[in-house]
Amino acid sequence: MDLGVVLQADPPARTVVERMRAAEGNGFTYGWTFDSHVLWQEPFVIYTQILAATAGLTVGPMVTNPGTRDWSVTASQFATLNDMFGNRTVCGIGRGDSALRVIGQPPASMAELRAATHVIRELAEGREVVHNGVPVRLPWVRDGRLPMWIAGYGPKALQLAGEVGDGFILQTADPTIARWTIGAVRKAAVDAGRDPGAVTMCVAAPAYVGTDLAHQRDQLRWFGGMVGNHVAELIARYGAHGAIPDELTSYVEGRRDYDYARHGRSGNPTTAFVPDEVIDRFCVLGPEPAHVERLEELAEIGVQQFALYLMHDRPEETLRAYGHHVIDKLR
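These numbers come from a predicted model, not from an experiment.

S.K.: Quick question: what am I supposed to make of the side chain of Arg221 here?
M.R.: Structurally, Arg221 is set in helix H8 (residues 213–238). Given the relative accessible area of 14%, Arg221 is considered buried. For Arg221, the contacting residues outside a window of four places in its chain are Thr271, Ala272, Val274, Pro275, Asp276 and Ile279.

S.K.: Even after reading the chapter, I still don't get the packing of aromatic side chains, so can you show me in this structure?
M.R.: Any pair of aromatic rings gets described here by the distance separating the centres and the angle formed by the planes. Counted by the stated rule, this structure contains 13 aromatic pairs. A ring pair is formed by Phe44 and Phe78, whose centres lie 5.0 Å apart and whose planes are at 85 degrees; its orientation type is edge-to-face. Pair noted here: Phe44 is in helix H2 (residues 43–53) and Phe78 is in helix H3 (residues 71–85), with a separation of 34 residues, a long-range link. Each member of the pair Phe44 and Phe78 is classed as buried. Geometrically, the ring pair formed by Trp222 and Tyr309 is edge-to-face, given 5.9 Å between the ring centres and 80 degrees between the ring planes. Taken as a pair, Trp222 in helix H8 and Tyr309 in strand E10 (residues 305–309) lie far apart in primary sequence, 87 residues in all. Tyr309 matches Trp222 in its accessibility class, with the two residues each being buried. Within the aromatic cluster, the residues linked to one another by ring pairs are Phe34, Trp40, Trp222, Phe223 and Tyr309.

S.K.: Explain the side chain of Asp174 here, please?
M.R.: When you line up the elements, Asp174 lands in the loop between strand E8 (167–170) and helix H7 (175–191). Engagement of the side chain of Asp174 in a polar contact is seen with the backbone nitrogen of Thr176, the distance being 2.8 Å. Within the structure, Asp174 has its side chain in polar contact with the side chain of Arg281 (distance 2.3 Å). Ignoring sequence-local partners within four residues, the contact set of Asp174 consists of Glu247, Arg281 and Phe282.

S.K.: I tried to follow the environment of Ser266 on my own but got confused; where do I start?
M.R.: Inspection of the secondary structure assignment puts Ser266 in the loop between helix H9 (246–249) and helix H10 (276–282). Measuring from C-alpha to C-alpha, the distance between Ser266 and Leu57 comes to 27 Å, with 209 residues separating the pair along the chain. Beyond its immediate stretch of four places on either side in the chain, Ser266 contacts Gln219, Trp222, Met311 and His312. In terms of polar contacts, Ser266 uses its side chain to reach the backbone carbonyl oxygen of Gln219, at 2.6 Å.

S.K.: Is there a simple way to think about the layout of surface pockets in this case?
M.R.: The probe, sized like a water molecule, is rolled over the atoms to show the empty space still left. Here the largest pocket defines a volume of roughly 250 Å³. As for the largest pocket, its lining consists of 15 residues, and the residues nearest its centre are Gln8, Asp10, Arg19, Leu310 and Met311. Counted by class, the lining of the largest pocket contains six nonpolar, six polar and three charged residues.

S.K.: It is not clear to me how the pairing of strand E9 (residues 200–206) should be interpreted in this structure. Could you clarify?
M.R.: With six of its seven residues buried, E9 lies for the most part within the structure. Between E8 and its parallel partner E9, the chain crosses via H7, and the hand of that crossover is right-handed. As paired elements, E9 and E10 share five bridges and run parallel to each other. Across the sheet, Pro206 pairs through a bridge with Tyr309, a residue of E10.

Calculation rules
Counting of residues starts from 1 at the beginning of each chain's written sequence and follows it residue by residue. Where local features are concerned, this predicted model is filtered to residues with pLDDT of at least 70; where side-chain atom pairs are given and counted, the filter is 80 or more; whole-chain, interface and lining totals use all residues. Computation of side-chain values covers all heavy atoms of the structure but excludes hydrogens and water. Only DSSP runs of H or I covering at least 4 residues are called helices, and only runs of E covering at least 2 are called strands; the numbering of each starts at the N terminus. The buried label goes to any residue with under 20% of its type's maximum accessible area, the exposed label to any with over 50%, and the partly exposed label to all in between, with areas taken from a 1.4 Å probe on protein chains only. Residues are treated as being in contact if the distance between any of their heavy atoms lies within 4.5 Å. Ring pairs shown here join Phe, Tyr and Trp side chains whose ring centres sit within 6.5 Å, with only the six-membered ring taken for Trp; geometry is labelled stacked below 30 degrees between planes, edge-to-face above 60, and tilted in between. N or O atoms within 3.5 Å of each other form a polar contact, as long as, within protein, one can give a hydrogen and the other can take it, and as long as residues adjacent in sequence are counted only when both atoms are side-chain atoms. A cavity here means a set of points on a 1 Å grid, drawn over the protein atoms and nothing else, where a 1.4 Å probe fits but cannot get out; a pocket is an open set with protein on both sides within 12 Å along at least five of seven lines, and a residue lines either one if it has an atom within 4 Å of a point. Grid points are joined across faces, edges and corners, and a volume is the space filled by probe spheres set on the points. Classes in brief: Ala, Val, Leu, Ile, Met, Phe, Trp, Tyr, Cys and Pro nonpolar; Asp, Glu, Lys and Arg charged; the others, Gly included, polar. Throughout, right-handed denotes a crossover for which the path from the first strand over the helix to the second runs clockwise when the strands point away from the viewer. Strand pairing follows a simple DSSP-based rule, namely that at least 2 bridges must link the two strands.

Here it is, written out as structure tokens:
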């Protein structure tokens with residue numbers, strides 16, 4: 001199992017770079033950031049410094065979207081990074097949430113997500129596409145490579161990931177939900193005539209190493225609120241039962257509002273509705289053996305990367321614990 005770390009692009013950017021360098025030193029092979037240019041700093045600028053400061057770390061957004069940049073701009077940014085540092089980028093992409101909503105725009109449609117995935121990959125890898133009705137190619141790309149990993153929870157997103165994605169990102173470490181979503185992605189790949197083994201399965205969730213479970217839960221309650229904010233739209237579309245597992249939807253009934261000013265941060269007051277039981281399922285808590293046990297369970301389901309969010313009050317300690325105790329046991 002590969003290990004990745006997910007950070008917000010909070011200023012100062014040098015702290016993000018230093019933490020990514022520390023992550024690589026502790027055995028992590030992927031470095032991800034949020035991509036929400038109003039709430040945090042512009043990640044593609046920071047990627048240049050992360051790539052320069054690390055030897056082999058693969059970097060990318062978790063996740064970008066089709067709406068905040070022209071698709072040719074996104075492709076050119078990735079292709080430029082790959083030309084400068086070798087093919088060390090990956091594009092996590094979804095319909096969009098905070099990056100679009102805070103500028104008054106709705107998330108992209110599934111059709112837009114499908115089209116953007118195709119155009120960005122083709123351009124970044126040097127091939128010609130029709131974009132905005134005209135043929136476009138980046139003529140300076142040589143041997144470019146950009147894996148496109150699609151994030152989502154709903155049936156249509158899972159189908160899209162299986163049909164066209166190089167990877168699939170699930171933002172929760174709940175084994176039951178992982179089993180259902182990975183199964184759906186693999187089925188979609190088979191139905192599309194693809195090898196399901198060609199789609200990399202990534203689970204992304206907060207991890208906090210320690211023994212004070214009550215404190216850990218309070219620090220990570222924001223994640224249940226963030227997931228619930230995504231799932232609420234699916235419930236409106238599909239209903240609370242049937243199309244989506246109850247493990248993902250049942251707790252969202254208590255949701256009333258969401259504060260994007262505290263998006264992805266501990267202490268978000270609009271995430272108080274999230275019960276401890278959901279945090280225990282969605283996140284990875286407790287001492288090192290509990291982390292090893294959960295990740296081994298996810299690996300058996302088919303997860304090939306665990307990307308851990310470090311938005312809590314002991315990020316350095318958790319990084320070191322993974323580097324000294326968890327990663328070696330997984331490998």
